[in-house]
Structure formats: C-alpha cells, structure tokens
Amino acid sequence: MQNDANGQEHIIDNLLKEAYELRGHHLSKSISLTERALQISNNLNLPFYTARALSRLALYHMIRGAHDSSIEMSNQAIEIFTELNDERGIAITKYSIASIFYKTDNHHLGMSYLLDCLISFRKFKDHHNESKTLKSLGTVYEYLGDSINAQISYKAAIASAKLAGDKNLESNVYNPKSGLSLKLGNTKNAMDLIKKSIKLKEETNDLRGMAFAIYGRGKVYQKMGEYEKALADFEKAIDIHRSFGEKLGEGMVNYKLAELRLSMGQPDVAKKLLTANIVFTKKYKSLMINLKCKRFLSQIYKEEQNAELSLLYLEDYTSTKEAHESSQTVKVIELYERAAILKSSEREASLELEKIELLAKKDLAVQAAQVRQEFLSVMSHEIRTPLNAVTSIISLLENRSDPQEQELLISLRFSSRNLLRIIDDILDFSKLDSNKMTLEKYPVNFKNFLRNIRLTYLNMAKEKGLNLKVSSDFEIVTNYLFDETKLFQILGNLLSNAIKYTNKGDVSLSVTLQKKTDLIHTYRFEIKDTGIGIAKEEINKLFDSFYIPASSTTRDLGGTGLGLAIVKKLINLHDSEIHIESKPNEGSTFCFDLDFEVSSQEQPSIKEMYASLENKKTILAEDNEVNALVLTRLLNRSGIEVIRAKDGEEVVEMSQNNEVDFILMDIHMPKSNGFEAVKNIRTSCTSNSRKPIFALTADITTNDRDEYREMFDGIIHKPIQIERLLAILSNTFTSKNKSCKRIE
C-alpha cells in the first residue's frame, strides 16, 4: 500500500515538473498536466501535493491573465500550506498574488507580498524563487520611478539566477535592465542587454519570455529610428502574447505600437490603437498603461488643435491618476521603510553583508551627488544671472551701433559666449558623469546651423591670421531633428581647440554624407588643422577629464581640460565614437559620424516669428531689475506687451487680474518661487490656468527635475538668446511647427 502511494506521488511530481518546464512555450499543456496532478492528489487525499498543484495552477492562470481564478486558487493553496506549516509553500503561492497586484498597478500590495516572499526564500536559500522575486521588485521600483533601487534589485536578481543555474531567469532580468538603460539614454547598452536576453531565450526555448524580449528589442529599434524593424518586432511580440493570453504584455505592445505609428506619420492609426487600448487595459486592470494612453491621446489631439478631445482625455488622465496616487503613496512609503529594514537584516551571510556595504556606498554616493547638485545649482544661478544681463544688452545695442561699435559688440558677444561655454563645460561634465544628460531633439535648419558655427568662430580664426573653412555636401536637406545645443558644443570645442593650437595655415570643418535612408541620413564631421599636432603617447590621454597636454607652450594656452572629455561623452550620447589622427608639427584631424532624422518641419523666419507674436501679451516674472528691464525691451521690440511681476506672489495676483497669452516665469524669486507660483496659477479658475508658461532660469540643474518638466511648457536657460526665445514662442502660437515641451 505504501509503495502504491509512493508511486502515485512520483507520478504527481513528474506531472508538476513537466508542466513547469512547458510553461514558457505550451501554457495550455502546463495547465492540463497540473489539473491532472490536482485530481490525483485530491483522490488520494494528499494535501501537500494538492496545495502544490493549486499553487502552480494559480501561477499559470496569473500568466494568462485570469486573475480572479489565480487569486482563488492561491488562497486555497495558502490555507492548506498554513495547516501543514509549510512556510516555503506559502511564499511560492504568495508570489503569484504579488504578481497579480503589481501587474494591475496595486503597487503597495504587490510590494508587500514580494517582501514577504523575499524573506522566506532567503531563509530557505531558494535562489530560483529569490531571483524571480527580486526581478519583480525591480519592476515595482521602476514603476515608482526609483531607478536606483530598480538597478540594485535587477543586479541581485541576476546574481541569484546564476546561483540557481537558471539561464531562463537570468534572461528575464536582462530585458527590464535593457529598458532602464534605454530610459537613461544609453541605447548601445540597451541593445547589448536585450540581445543577451534573446540569446538566452533561444537556448531555453521560452516562447512566452521571448515575446517580452522581442518587444524590448523593438523599443531599442524605435529609439534608433529603425521603424520597420521595430514594427516587425512589436507585431511578432503581440502575436505571441495573444497566443498565451498575456494581457499585460499585449497592452504594453499596443501602447508602443501607437507611439511608433505616430513617428511613422500615421496619427489616425495611432489614435485607433490608443482608444482601443484604453478599453482593453481598463478591462484587464492595467492602470499605468491606461493612464499613458490617455495622456498620449490628449497630446495628439492638442497637436491637432482639437481642444475639446484633448481636454477630455487630459481631465480623465488627471482624475484617475490623482485617485490612484492618493490611495497608494502612504502605503508605498511604509513599504520602503520595511524594505530598508529587510536589507539591514541580511548581515548574517557574507554575500549579503557585501551587498549591504555596496548599498551603503551607494547611499554615500547619492548624498555626495545631492551636495554636488546643490552646489552646481547655486553656482549656475549666481554666474548665469549677471551674464544674462550682459548678453541681453548686447542684443539691444546691436541695431543701434555704428560699424566700429559693431566690431566691439561682436568681440563682447564672443567673450560672453566663451565664458558661458566654460561654465557649461563644468556643469555638463557633472551631468554627463552622472548619466543625467539626455538629447533634446527638435527641427533645425542644418545649413543655417553650419553657417552660424562658421560665423561664431570666424573672428577667433581671423585674430590669429588663420583661414576657417566650412564645407558641406550639396545633398544636405534643409531640416533635421537633432539637439542643436549639444552638436554646437561638440563642434565648438573641437574648432576652438583647433584654432587655439594652430599658429598658421588653415582650420576646416567638412560635413559629408556617408549613407541615407528615407528617414535617417548619416554624416561624417571632420575637423582638420595645420597646428602643433599631438604626440602619439598623449593621444590616448587626450579625452581624459582635466587633462592638458604637458608642454609649457600648450599650458600657456589655458583651458579647463574638460572640453575634449565632454566632446567624447556627448558623441557617445549620440551612440557614436570620435577618432583622431595627428602628427607633431603637422596638425590633427578629429572625425565622428552622426545620424540625423529628416524633418518635414521648418524653422520660421525672423519675419514670421515677429508676425506671429505681434500684439501678444505676457506677464514677465523676474526679480532681477536689470534682466527684467532688458528682456522687457527685447520683447517690446517684437510687438509683445509686457506686464512685470517682481516675485512669485505678485505674478499669481497679476494672472488673476490680467488675461495674457503666455507667462515667462523665473524660478528663483523671493516670497514664492516660480514653481510654487505656477502650481497656484495652474490650479486657479482663471483663463490663464491653461496658458503656456515657460520657466526662465539660470539654474542648469532644473532639467533633472521631473516636476518642472510636467508643470512648465518649456524650460529656457539664462543667458537667454533672444532668437531662440522668439522661436519657441512663435512655435507655440502657430499651427505650423508646433512641438511638445522644449528645453533650451
């Protein structure tokens, strides 16, 4: 009799094992086998095996999106495991419930269950389930916008997967790590990680997991502008998701497909996808995707000047988001505290001790970064504010001066821009060093851009008796989407260095077409000089931070030693590399390739900009008297009526009593800062609550604050270049060339 029972238990074990192995590519077979195991367990009155079968069925039903059935089976399994005093069995079952909660955006409940699971799995040294739990925790952290803890969780999940010897689990983590790299602007790393995930999926034959990995690759292709490849990946992923009944995955892919279709110039298709996905994600309780779809639809209708539908979706988005956040914020904070306690309890094992030490170092690094950020914020504001007055006064005087004075003004403008470039080098180096720099692309007339580069550095070359040549392919189209400021910074650093280290002869910039598709053109930039050249042993050090060539001659030329380090990092940010060839006393050549997305939009002419701004009215909130006076005159010259506010309280009061077309808001002001003032205006019942509001700031760290990006229609950095300011305002008030939020 005992042998017969043992034989049946062996059969159940084999059924459950086979079902688990099949879950990645034959989920329906997994369910069928597990139901058979459950039936045998019930017939033989084997509670342990009954609970195991119920727990596995709960997992499989969770995967296919049958959440109610999954929770019901999980509760039945937990009840039996509790009677058997089986803590590990309870934890395995709770993991399915946790997955349902966080996938349906109940993050606080999901996090609570996951932390319970993690404690148990570590107690039993269950590396397999520990890896799954850590990966899920990383996903929750990422949903909450906590990329630091997400990275820590993903790293620990990979380590646990390797300890478990499970390639499938390892590949599951590379996928979200790739997505996180993509969000941080590191496209190359994102592609490397997702390729690693796909390779492991192929080895383990996990078809369900492959759908998520292919989707991840599609996102990278989309970011790279390879839309057809992205489309193929998304369509393949959604087919697999549908075959498995994977509702969360299907909703995710549908949202990205809508983004892609809009990028491909198919707004009607994008709107249909988003509308259908709102219904779909509401049905299957995927709130975060639902919110993103509503927000995206609102932005599309706003671009199409359909104010009624734009407002409808925006209000739906706002009300749903506020209700969701208010119910979860306190609970999430409590769970963070609990997570911190859990981390501190891991000291008993040497491996866990090492993790805690690493986390402690991370905390110190974060604190140091915060101190550095505060210092940079203050320094940026204190230096840029008076510099803004200088550059603005130059703009005012340019139309009133005679030819001799014009030459002095050109020199003064060049000197002020050179000072600004040094300041930007220091600030940008800090941002690049902490991976906080991103590309802000918008339509730019490329020929005008190259002409401005030449005009900016022409006088510098003439003063040394050098010829400055700028040449480009005749095939260059008028407009591309790219980050004008960062490309100007790259070329500016390279050209100023070339001029600085050349005493006779030529300095040249050539731009040549290397390859092109309908959407992407690749150009090679070559900066050549006939200067002193660079010794072979110094070339490898040239791009190191703070490095200045060692000879006394070059030291006399000055510089921060950051220019080329920043150039390299900025080019890497564009997913490219810089190359150098040089010989002492003969000269140097720097070259790099960049991809440009062709744009159908055009920059308005100065005449068009002035016309679009004629008779507009604005409130200028600026506490600095000189800056306010100068900017008021510049705006008046463009036909804009200006009402001046001296502090945050005054601008709120003025916005209630004066209807205007837009508001220019300084961030750092007395009584109430610009951010508090704009929040008060946005929540008021006046006609100005939905008018464009632009932040004016000398604080370069403003870009890193998500709340500023959400609240303002654009962030304009001081010193203000009046041409750029007018272009942004013109874009706002013309249907042609309208764009989303801008950072200048």
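Calculation criteria
- Residues numbered from 1 in each chain as written.
- Predicted model: local features only at pLDDT ≥ 70, side-chain atom pairs only at ≥ 80, totals over all residues.
- Heavy atoms only, no water.
- Helix = DSSP H or I, 4+ residues; strand = E, 2+ residues; numbered from the N terminus.
- Polar contact = N/O pair within 3.5 Å; in protein donor to acceptor, adjacent residues only side chain to side chain.
- Contact = heavy atoms within 4.5 Å.
- Phe/Tyr/Trp six-rings, centres within 6.5 Å; stacked < 30°, edge-to-face > 60°.
- Buried < 20%, exposed > 50% of the residue type's maximum accessible area, 1.4 Å probe, protein only.
- Arc of directions from axis to C-beta.
- Axes fitted to C-alpha atoms, helices over the stretch in contact; angles between N-to-C directions.
- Parallel < 35°, antiparallel > 145°, perpendicular 65-115°, else oblique.
- Left-handed = near helix turned anticlockwise from the far one by under 90°.
- Nonpolar A, V, L, I, M, F, W, Y, C, P; charged D, E, K, R; others polar.
- Salt bridge = Lys/Arg side-chain N within 4 Å of Asp/Glu carboxyl O.

## Side note on the side chain of Thr 281
Residue placement: Thr 281 occurs in helix α14 (residues 267-283). There is a polar contact of 2.6 Å between the side chain of Thr 281 and the backbone oxygen of Asn 277. Within the structure, Thr 281 has its side chain in polar contact with the backbone oxygen of Ile 278 (distance 3.3 Å). Those residues in contact with Thr 281, other than ones at most four positions away along the chain, are Gly 251, Ser 286, Ile 289 and Asn 290.

## Digging into the packing of aromatic side chains
Aromatic ring pairs: the centre-centre distance and the angle between the two ring planes describe each pair. Tallying each qualifying case throughout the model produces 19 aromatic pairs. Relative to Tyr 523, the ring of Tyr 480 has its centre 5.8 Å away and its plane inclined at 75°; by these criteria the two rings are edge-to-face. Of this pair, Tyr 480 sits in strand β3 (residues 479-482) while Tyr 523 sits in strand β5 (residues 520-529), and the two are 43 residues apart along the sequence. Considered together, Tyr 480 and Tyr 523 belong to a single accessibility category, that of buried residues. In textbook terms, an aromatic cluster arises when at least three aromatic residues are bridged by ring pairs, as seen for Phe 446, Phe 449, Tyr 480, Phe 482, Phe 488, Tyr 523, Phe 525, Phe 592 and Phe 596.

## Some words on helix α26 (residues 648-657)
Of the positions making up α26, those classed as buried are Gly 648, Val 651, Val 652, Met 654 and Ser 655. Mapping the buried residues of α26 onto a view down its axis gives an arc of 165°, with all of them on the same face. The distance from a side-chain oxygen at the start of α26 to the backbone nitrogen of Glu 649 is 3.1 Å, and the residue carrying that oxygen is Asp 647.

## A few points about the packing of helix α7 (residues 127-143) against helix α9 (residues 167-183)
Packed helices, taken two at a time, are described by the angle their axes make and the gap between the axes. Here α7 crosses α9 at 20°, and the two axes come no closer than 10 Å. By the angle class used here, α7 and α9 are roughly parallel. Classified by chirality, the crossing of α9 by α7 is left-handed. Residues His 128, Ser 131, Lys 132, Lys 135 and Glu 142 of α7 lie in contact with α9, whose contacting residues are Leu 169, Asn 172, Val 173, Pro 176, Gly 179, Leu 180 and Lys 183. Broken down by class, the residue content of the contact of α7 with α9 amounts to 4 nonpolar, 4 polar and 4 charged.

## Points about the environment of His 67
On the secondary structure map, His 67 appears in helix α4 (residues 67-83). What makes His 67 buried here is its relative accessible area of 17%.

## Quick word on the pattern of salt bridges
Side chains that carry opposite charge are capable of pairing whenever their charged atoms lie near each other. With the rule as written, the count across this model stands at 28 salt bridges. The shortest N-O distance in the salt bridge between Glu 87 and Lys 123 comes to 2.9 Å. In this pair, Glu 87 is assigned in helix α5 (residues 87-103) and Lys 123 in helix α6 (residues 107-123), connecting sequence segments 36 residues apart. For Glu 87, a relative accessible area of 29% translates into the label partly exposed. One network of salt bridges, with partners in common, ties together Lys 167, Lys 199 and Glu 203.

## Describing unusual backbone geometry
Of note in the backbone geometry, Asn 45 takes a positive phi value of approximately 55° without being a glycine. Turning to its location among the elements, Asn 45 is positioned in the loop between α2 (27-43) and α3 (47-63). Using a relative accessible area of 63% as the deciding quantity, one classes Asn 45 as exposed. A positive phi is found at Lys 125, a non-glycine position, where the angle reads about 50°.

## Focus: the packing of helix α13 (residues 247-263) against α14
Contact geometry for α13 and α14: axes closest at 8 Å, N-to-C directions at 160°. When the interaxial angle is binned, α13 and α14 end up roughly antiparallel. At the point where α13 passes α14, the crossing takes the left-handed sense. Along the contact surface, α13 presents Lys 247, Glu 250, Gly 251, Asn 254, Tyr 255, Leu 257, Ala 258, Arg 261 and Leu 262, while α14 presents Pro 267, Val 269, Ala 270, Leu 273, Leu 274, Asn 277, Phe 280 and Thr 281. Of the residues assigned to the contact of α13 with α14, the class counts are 10 nonpolar, 4 polar and 3 charged.

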